[in-house]
Amino acid sequence: MKVASIQVKANDLKDYERAWEHLHQMVVNAANNHDLILVPECAFPAYFLHPDEGCIDDIVINNGDLYLNTLKEIARNKEVYIAYGCLEKSGEDIYNSAILIDPSGEEIVKKRKSFLWHFDQEWFTAGEDVAVADTDFGRVALVVCADARMPEIVRLAALEGAQLIIDLANLTATGPDITALQNAQSAYMLSVRAMENQVWLAVSDKWGVESGSITYAGRSGVFAPDGSIVYQASSHQDEVVSVEIPTDENGKIKHPAISAPIKRRSELYTALTQENNSLPVSEVMRERVIPEDITPYITTASGEFRDAKEYLQMVKRLVNHGSSIICMPPAAIQIADYVDRITPFLPESVVLIGTVKEENKGMTSYLITQKGIEETYFTLHHEASLSEFTTPVFQTKWGRIGIMHGDEAILPEWPRTMMVLGADCIIWPNDLAESRASNIGRTRAAESRIFIVSASSCDQGVSQVIDPNGVVTASTLKTERLHACGSFAPFTLSRIKDVVPGTNVFRNRRPHFYGGLVK
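Our subject in this report is the structure included herewith. (Residues numbered from 1 in each chain as written. Predicted model: local features only at pLDDT ≥ 70, side-chain atom pairs only at ≥ 80, totals over all residues. Heavy atoms only, no water.)

## Some words on the packing of helix H1 (residues 16-31) against helix H2 (residues 56-78)
Each pair of packed helices gets described by two things: the angle between the helix axes and the distance between those axes.
Phase 1: Packing of H1 against H2 brings their axes to within 10 Å, and their N-to-C directions diverge by 10°. Taken together, the axis directions place H1 and H2 in an arrangement best described as roughly parallel. Contacts between H1 and H2 involve Tyr16, Glu17, Trp20, His24, Val27, Val28 and Ala31 from the former and Ile59, Asn63, Tyr67, Thr70, Leu71, Ile74 and Lys78 from the latter. (Axes fitted to C-alpha atoms, helices over the stretch in contact; angles between N-to-C directions. Helix = DSSP H or I, 4+ residues; strand = E, 2+ residues; numbered from the N terminus. Parallel < 35°, antiparallel > 145°, perpendicular 65-115°, else oblique. Contact = heavy atoms within 4.5 Å.)

This is the structure we're talking about:
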């Protein structure tokens, strides 16, 4: 199956006719040798729709149906699927819609953007969260731009059997060099969305500047189910990303051979279906705090510690660095046996998270203070895990800390559950390589606006402190057998869930749609 993801220059609302003529020609050309064509979000008429820019009603009445019908005719004549991003008016409501047209020229599914971004809510009405459909090449789902920042939306589509996620986007970016623009989604989030759900994901985006104030990232592309980038476009020019997605003898999408996914435990995610105002994070966000009191200096170590002597020496060093929270990587050392040797040199304010690699491939983490072991967390997503729910979020002097182990981070529901349970920071002991762990960590941080602290024991791993914007604020080196790093982590940032004005990663969740996560 050959996919064409069209990347086209952005246009102001007043220039929609000229922009359409250019886009139309790109679609016609792509239709000659592709099976599926993706057209970006709001290809008609534009994205910034303030009344100062033009009269939307007149534009829709004059050209909305005409442009849509033109694409339907192309789809029918060329026997191709077309995913079209456009403004759609229904009664008094305006929707930011993605419409999938089949080779007979019929609309087979429509996704109205539901996670509205920034000024979207000034003119758009939110739609349903999930839109899936059967096609000749398999089951597909549509999302629109920021929808893909919400792990629940893509996860629900995958749980309904989607093998390909079609993302029509206007990914915004910032920077001085138009040839080097990136966006959190294009840089790491979409890769993780594909990997965590083991689906193909194709994105079509614009590039350039709209209304003198909105800059687009470009970077249209296709991601494979293992999270690899098959191809990604530039950030500064028109392009047609052309990728062959492998199919079987029946023409259905097939997945490459990748490792078996970690088993979901849907009974652990019930908090995700509860109304927002009933969840612990709702209270945490309203707490009155002194910022200095919840700004720990977090250090994290990397590498495989050979014995207790090396391990204890590193903990002492990090205490001497002025650490508030120390995160050690998983080790084959029975840490509980050494607590009496650790507590004498731990200052009263310091929290140590030490993790043991168990013989059954699970892990056990101990939250240790001057008083000894105060909390214990066992890997819950593991064949030998406890059947009952164990809270993954613990109160400390510095704030609320969640813990997840290794591949548990690949399940989007689990770190998301910790966020709604009030975690300011998630500690993540793992043995994953840097190429995998960094993208996962940055995605978990940015999607929930929370600190992520990765502590890796992998030979090719690094340990990192990642802030709620997905920015790595400290990292160890891959070249060092044992290494450590640290940075301040103002937990006040974790309690500000706004990404841009009008878009809040907690309050804009819609849990009444999330029942499918716990079935």
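## Quick notes on unusual backbone geometry
Phase 1: Here Phe44 and Pro45 are connected by a cis peptide whose omega angle stands at -10°.
Phase 2: Its identity as a non-glycine residue notwithstanding, Cys42 has a phi of 50°, on the positive side.
Phase 3: Using a relative accessible area of 0% as the deciding quantity, one classes Cys42 as buried. (Buried < 20%, exposed > 50% of the residue type's maximum accessible area, 1.4 Å probe, protein only.)

## Points about the packing of helix H4 (residues 184-197) against helix H9 (residues 434-448)
Phase 1: Two numbers describe how H4 lies on H9: the axes approach to 9 Å, and their chain directions differ by 105°. For the element pair H4 / H9, the angle class is roughly perpendicular. Note on element contacts: H9 touches H4 through Arg436, Asn439, Ile440, Arg442, Thr443, Arg444, Ala446 and Glu447, opposite Ala187, Tyr188, Met189, Ser191, Val192, Arg193, Met195 and Glu196.
Phase 2: A breakdown of the residues in the contact of H4 with H9 according to their chemical character gives 7 nonpolar, 3 polar and 6 charged. (Nonpolar A, V, L, I, M, F, W, Y, C, P; charged D, E, K, R; others polar.)

## Here we look at the sheet that holds strand S8 (residues 164-168)
Phase 1: Read from one edge to the other, the open sheet built from 6 strands follows the order S6-S7-S8-S9-S12-S13, with strand pairing classed as mixed. Pairing within the sheet leaves two strands with one partner each, and these edge strands are strand S6 (132-135) and strand S13 (229-232). Averaged over all adjacent pairs, the angle separating strand axes in this sheet is 20°, with direction ignored.
Phase 2: Pairing of strand S9 (residues 200-204) with strand S12 (residues 221-223) involves 3 bridges; the strand directions are antiparallel. Counted as the bridge partner of Leu201 is Phe223 from S12.
Phase 3: The strands touched by helix H3 (residues 151-159) are S6, strand S7 (138-144) and S8; relative to S7, the strand with the most contacts, the crossing angle is about 165°. (Pairing = 2+ DSSP bridges.)

## Comments concerning the sheet that holds strand S15 (residues 297-302)
Phase 1: Spatially, 6 strands are ordered S19-S18-S17-S16-S15-S26 in an open sheet, and the strand pairing comes out mixed. Each edge of the sheet is formed by a strand with only one pairing partner; in this case those strands are strand S19 (372-378) and strand S26 (483-488). Pairs of neighbouring strands in the sheet enclose a mean axial angle of 20°, with direction left out of account.
Phase 2: With 6 bridges connecting them, strand S17 (residues 351-357) and strand S18 (residues 363-369) associate as antiparallel partners.

Treat this as a map of the structure, not an account of what it does.
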